[in-house]
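# Structural overview for review
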Amino acid sequence: MPTPSGAGGLWRFRDALPPVRHEITMGEGGTPLVRCERLAARTEVAQVLVKNETVNPTLSFKDRAMALGVSLARDADTPGVVAASTGNTAVSAAAYAARAGLPCRLYCAAGAAGSAKLRTAQAYGAGVEPVDGDFSSAHAAAAELEAEGWFPLTTTFRNPYLAEAHRTVALELFEQTGGSVPDWVLVPVGAGPLLVGAYEGFRALADAGRIPRVPRMVAVQVDACAPLVDAWRTNAATVTAANPRPTVAGAIADPLRGYEDEGVLTLEAVRESNGLAVSVPDEAVLAAVDDLARHEGLLVEPAGAAPLAALAALAADGTVAPDARVVLLATGHGAKE
């Protein structure tokens, strides 16, 4: 079982991460766990805790993966880093690349090229390349530059090291809850490396005898783009690419076209934890954004609020029991939308 080092944040858990020579850091990790009594009362659940990843340096959970990824890129002496992203990954990759002194190239769907997040990435010095099509098209374009030796930072599972950074979410939750285990952990997912990384962190704790069981992991998507949920509902062994519709939660609207097999890793983590995959409508997501802000003072982007929308539905139908202890992962700050 990894033990904390003397450093802060993510790098406290070096033993749980791939070894690096150059740690590129801006204080990521070590995010607060907020007890939300009003949300617990509104959902009629005993305890609701929000792991507030919105306070990372670039205001999203992606900073954990980018700190590790850019550190590995620096060690590898690559010509630069590249990612396909329309949002949080782009901002984080650009910031950490700037910190490391590495060029950063970002590919996005043409319709997203003028977004606030991509303009922020450009402010850090990244090059933004629009491509025709959706996220999958951007993913394919980034792969071409990867073939030329640029280090991949797209946060699907193309670079398996990145998901390992998210193990630290589970390790922090273990410390913050005094070694107790929540009944449920709800995670917004596109391809799902955050959920997989957190699950692996919990599993490492269970294997070491530090916790008696792994929490039930819930993959939360939106109705407009839910390829993992579709596979879950049909008990499929594979994932079929989605045809996404417009949604307020674009950060998790990943159709998985061309890399459907990566979604299987997320389904396996959900199934092994006796968890669930659920989707929620945009209206419920926007209501959750309001509830987090007005009742708990947490301004969260729509994708990051989707777990609360899912909890409300699961509590209402009895899936989540009234005596449950639930952790919601709030992944990105609302100010970035």
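### Some remarks on the overall build of the protein chain
Each helix and strand counted, the protein chain has twelve helices and ten strands in total. Here the C-alpha radius of gyration of the protein chain, 18 Å, is about what a compact globule of 337 residues would show, namely 20 Å. Seen along its three principal axes, the alpha-carbon backbone of the protein chain occupies a region of about 55 × 45 × 40 Å. For the protein chain, the residues scored as buried account for 59% of the 337 residues in total. A sequence separation of at least 24 residues applies to 72% of the contacts in the protein chain between residues at least 6 apart. For the protein chain, the exposed surface amounts to about 12600 Å²; the carbon and sulfur share of it is 48%. Taking the 27 positively charged and 38 negatively charged side chains of the protein chain as two groups, their mean positions are separated by 5 Å.

### Topic: the pairing of strand 7 (residues 184-188)
For strand 7, the tally of buried residues reaches five of five residues, placing the bulk of the element in the interior. Side chains of strand 7 alternate between two faces, with W184, L186 and P188 and V185 and V187 buried alike. Of the strand pairs in this sheet, strand 7 and strand 8 (residues 216-222) are connected by five bridges, and their pairing is parallel. Bridge pairing in strand 8 places V187 opposite A219.

### Examining the sheet that holds strand 9 (residues 276-280)
Pairing within the open sheet is mixed, and its six strands lie in the order 1-2-10-7-8-9. A single partner strand is all that each edge strand has here, and the edge strands are strand 1 (33-35) and strand 9. Direction aside, neighbouring strands of the sheet carry axes that sit 25 degrees apart on average. In the sheet, strand 2 (residues 47-52) pairs with strand 10 (residues 325-330) via six bridges, with the strands oriented parallel. Opposite L49, over in strand 10, you have V327 as the bridge partner. Its contacts with the sheet place helix 8 (residues 193-207) against strand 7, strand 8 and strand 10, and it is angled at close to 175 degrees to strand 8.

### Thoughts on the nonpolar core
One broad trend across soluble globular proteins is that nonpolar side chains are buried collectively. Counting residues in hydrophobic clusters, the biggest one holds 51 residues, and the most contacted among them are Y107, V187, L195, F202 and M217. In terms of residue count, helix 8 provides more of this core than any other element does, seven residues in total. Not counting chain neighbours up to four residues away, the residues in contact with F202 comprise A170, L173, V185, I211, V214, P215 and M217. By size, the runner-up hydrophobic cluster in this structure holds 36 residues, among which are C36, V220, V300 and A309.

### Considering the packing of aromatic side chains
Taken as a whole, this structure holds zero aromatic pairs when the rule is applied. Lying across the ring of W150, R105 places its NZ or CZ 5.1 Å from the centre.

### Digging into the state of the cysteines
Put plainly, a disulfide is one covalent bond tying together the sulfur atoms of two cysteines. Counted under the stated rule, the structure contains zero disulfides. For the unlinked cysteine C108, the closest cysteine sulfur is that of C104, found at 12 Å. Residue class for C108 comes out buried when judged on its relative accessible area of 0%.

### Details of the environment of G87
Structurally, G87 is set in the loop between strand 3 (81-84) and helix 3 (88-100). Assessed through its relative accessible area of 7%, G87 is described here as buried. Measuring from C-alpha to C-alpha, the distance between G87 and G250 comes to 8.7 Å, with 163 residues separating the pair along the chain.

### Remarks on unusual backbone geometry
Unusually for a residue other than glycine, E44 sits at a positive phi of about 60 degrees. By secondary structure assignment, the location of E44 is in the loop between helix 1 (37-43) and strand 2. Phi at L256 is positive, roughly 60 degrees, even though this residue is not glycine. Here L256 shows up in the loop between helix 9 (227-233) and helix 10 (260-272).

Conventions and cut-offs
- In this convention, every chain numbers its residues from 1, walking through the sequence in written order.
- Only residues with pLDDT of 70 or above have their local features reported here, since the model is predicted, and side-chain atom pairs are shown and tallied only from 80 upward, although totals for entire chains, interfaces and linings are computed over all residues.
- Hydrogens and water are ignored here; the side-chain numbers use all heavy atoms of the structure.
- Put simply, DSSP H or I for four residues or longer makes a helix, DSSP E for two residues or longer makes a strand, and each gets a number counted from the N terminus.
- For this measure, only C-alpha atoms enter the radius of gyration; the expected value for a globule follows 2.2 Å times N^0.38, where N is the number of residues.
- When a residue's accessible area, from a 1.4 Å probe over protein chains only, is under 20% of the maximum for its type it is buried; when over 50% it is exposed; and in between it is partly exposed.
- The contact definition used throughout considers only heavy atoms, calling two residues in contact when any of these lie within 4.5 Å.
- Using the Shrake-Rupley algorithm and a 1.4 Å probe, accessible areas are obtained, with residue cover drawn only from the displayed protein chains.
- Counting rule for charge: Lys and Arg are taken as positive, Asp and Glu as negative, and neither His nor the chain ends is counted.
- We put the charge of a Lys on NZ, of an Arg on CZ, of an Asp on CG and of a Glu on CD.
- In this scheme, strands are said to pair when DSSP sees at least two bridges between them.
- To get an axis, a line is fitted to the C-alpha atoms, and for a helix only the part in contact is used. The angle between two axes follows their N-to-C directions and goes from 0 to 180 degrees.
- Buried Ala, Val, Leu, Ile, Met, Phe, Trp, Tyr and Cys residues that are joined via side-chain atoms within 4.5 Å together make up what is termed a nonpolar core.
- Working definition: a ring pair exists when centres of Phe, Tyr or Trp rings (six-membered ring for Trp) sit within 6.5 Å. Plane angles under 30 degrees give stacked, over 60 give edge-to-face, the rest tilted.
- Comment: the charge-over-ring label is applied if NZ (Lys) or CZ (Arg) is within 6 Å of the ring centre and within 35 degrees of the ring normal.
- By disulfide we mean two sulfur atoms from cysteines, separated by a distance within 2.5 Å.

None of the figures reported here should be taken as evidence of function without further support.
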